[in-house]
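# Commentary on secondary and tertiary structure
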Amino acid sequence: IGRSAAAIAALKKAIEAQPGLAEAHFNLAALLIEQDDPAGAVGEFRHAEALGMPWQDARTGRGWAHYELEEYDAALECFESILAEAPDRADARMGRGLVMLKRGHYAEGFADFESRFDTTDSRVSRLSLPEPPWKGEDLAGETLLVVAEQGLGDTLQFARYLPLLTARGARVILVVPTPLRSLAATLPGVAVLAPGETLPPYRCHASLLSLPHLLGSSNIVPATVPYFQPDPVRVAQWRSRLSTLPGLRVGLVWAGDPHPEHPRGYRPDRRRSVPLRQFAPLASVPGVSFVSLQK
């Protein structure tokens, strides 16, 4: 129920009473990660494994703790030791993939990133559509349905891969969250729909964040920018509306989406969201006008 401090206190009391209780060490480690104490979690995961907790569970948890600490060699050692004996272990494969992506090894990283659909706490699921998934075959003259699967930021970033599809002769239909529909519609050669709109005929489908893997991603990220174009009418309207503000105009966004529908969604949001009052000292900077861009 979100009372992490009470849970941590209870687990520590349990360990004090029964130091050999592997489950208490394991659960304490998981809570410490959620409370942004991965260093403390590493030791507890080690205790859990030594005390007989299923080693794959404890070592996977320790791998994630090392990952949070940016100790990528140690994280990789954990994940690869698990995959050597349990190659279908999705959470370890996902961890290895993220380490590879952090290091710029995109081909290997995006291949492992496909396991995101199979982890127990996955926030995304495989598409369930009547037509088959695209597996990277030639699409010249064919229509591919691409569906955005995660947040607005991920959608904006990975849209850079869509021009690679049109360059191969594919016709692309993109389904994006409704707030992005008008902006995404400026992608050249891409038909854009919002969720729930009627789909035209298509040959196969793909998740947006799978495109780097399916396209055979090299270690170079497509950087032909800009790939979106703002509506010139809206640009003119906002230029006129903001013209009366003196000095340098600075836009502020101070909070993200907490993803209340996902039990762990608050963790990344807690790292990027702050109360607006924390920006108050900036108001004393001379020659600046602040504009709220917060939805």
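Up top is the structure these notes are about.
A brief report on the enclosed structure follows. Here the residue numbers are simple positions, counted from 1 along each chain's written sequence. At least 70 in pLDDT is required for a residue's local features to be given in this predicted model, at least 80 for side-chain atom pairs to be given and counted, and no such filter applies to totals for whole chains, interfaces and linings, which use all residues. Excluded from the side-chain calculations are hydrogens and water; all other atoms, namely the structure's heavy atoms, are used.

## As for the environment of G136
Starting at the N terminus, helices and strands are each numbered in turn, a helix being any DSSP run of H or I of at least four residues and a strand any DSSP run of E of at least two. Positionally, G136 belongs in the loop between α7 (106-113) and β1 (143-147). Separated by 77 residues in sequence, G136 and H213 have C-alpha atoms that sit 8.6 Å apart.

## Concerning a nonpolar patch on the surface
Together, L282, V285 and F290 make up an exposed nonpolar region whose accessible area comes to about 210 Å². Relative to the assigned elements, L282 resides in the loop between α13 (266-272) and β6 (288-292). Given the relative accessible area of 35%, L282 is considered partly exposed. Only residues whose relative accessible area exceeds 30% and that form no salt bridge enter a patch; like-charged residues are grouped when within 9 Å of one another, and nonpolar side chains (Val, Leu, Ile, Met, Phe, Trp, Tyr) when within 5 Å. Note that accessible areas follow from Shrake-Rupley with a 1.4 Å probe, and for residues the cover is restricted to the protein chains shown. By salt bridge we mean one thing: a side-chain nitrogen of Lys or Arg within 4 Å of a carboxyl oxygen of Asp or Glu. Partly exposed describes any residue whose relative accessible area lies between the buried limit of under 20% and the exposed limit of over 50%, with all areas from a 1.4 Å probe on protein chains only and scaled to the type maximum.

## Brief notes about the pairing of β1
With 5 of 5 residues buried, β1 lies mostly within the body of the structure. Of the two faces of β1, the one holding T143, L145 and V147 and the one holding L144 and V146 are both buried throughout. One requirement defines pairing of two strands: DSSP has to find at least two bridges between them. Two elements, β1 and strand β2 (residues 171-175), share 5 bridges in a ladder whose sense is parallel. Bridge pairing in β2 links L145 to I173.

## Comments concerning the packing of helix α2 (residues 22-34) against helix α3 (residues 38-50)
Interaxial distance between α2 and α3 falls to 8 Å at its minimum, and their mutual angle equals 160°. One way to sum up the angle between α2 and α3 is to call them roughly antiparallel. The handedness of the crossing between α2 and α3 comes out as left-handed. For the pair α2 and α3, the contacting residues are A22, H25, F26, L28, A29, A30, L32 and I33 in the first and P38, G40, A41, E44, F45, H47 and A48 in the second. Along the lines of polarity and charge, the residues of the contact of α2 with α3 split into 11 nonpolar, 3 polar and 1 charged. Lines are fitted to the C-alpha atoms to define the axes, a helix being fitted only along its stretch in contact, and any angle between axes, read from their N-to-C directions, falls within 0 to 180 degrees. To sort the angles, those under 35 degrees are grouped as roughly parallel, those over 145 as roughly antiparallel, those from 65 to 115 as roughly perpendicular, and the leftovers as oblique. Each helix crossing is assigned a hand: it is left-handed if the near helix lies turned anticlockwise from the far helix by less than a right angle, otherwise right-handed if that turn is clockwise. The contact criterion used is simple: two residues touch if any of their non-hydrogen atoms lie within 4.5 Å. Residues are grouped as follows: Ala, Val, Leu, Ile, Met, Phe, Trp, Tyr, Cys and Pro are nonpolar; Asp, Glu, Lys and Arg are charged; all remaining types, including Gly, are polar.

## So, the environment of L214
Here L214 lies in helix α11 (residues 211-214). A residue is classified by how much of its surface remains accessible, and L214, at 17% relative accessible area, is buried. For the pair L214 and A92, spaced 122 residues apart in sequence, the C-alpha separation works out to 21 Å. For L214, the residues in contact, after removing those within four places along its chain, are W134, K135, G136 and A206.

## A short note on the side chain of E149
Its location among the elements puts E149 in the loop between β1 and α8 (152-158). Residue E149 is classed as buried on the basis of its relative accessible area of 17%. Whenever two N or O atoms come within 3.5 Å, that pair is a polar contact, provided that in protein one can donate a hydrogen and the other can accept it, and provided that, for residues adjacent in sequence, both atoms are side-chain atoms. Here R116 takes part through its side chain, which lies 2.6 Å from a polar atom of the side chain of E149. Leaving out residues up to four positions away in the same chain, E149 has contacts with R116, F117, V124, S207, L208, L209 and S210.

## Brief notes about the side chain of H66
Residue position: H66 is located in helix α4 (residues 55-68). What H66 contacts, discounting residues up to four positions off in sequence, is V42, R46, E71, A74, A75 and C78.

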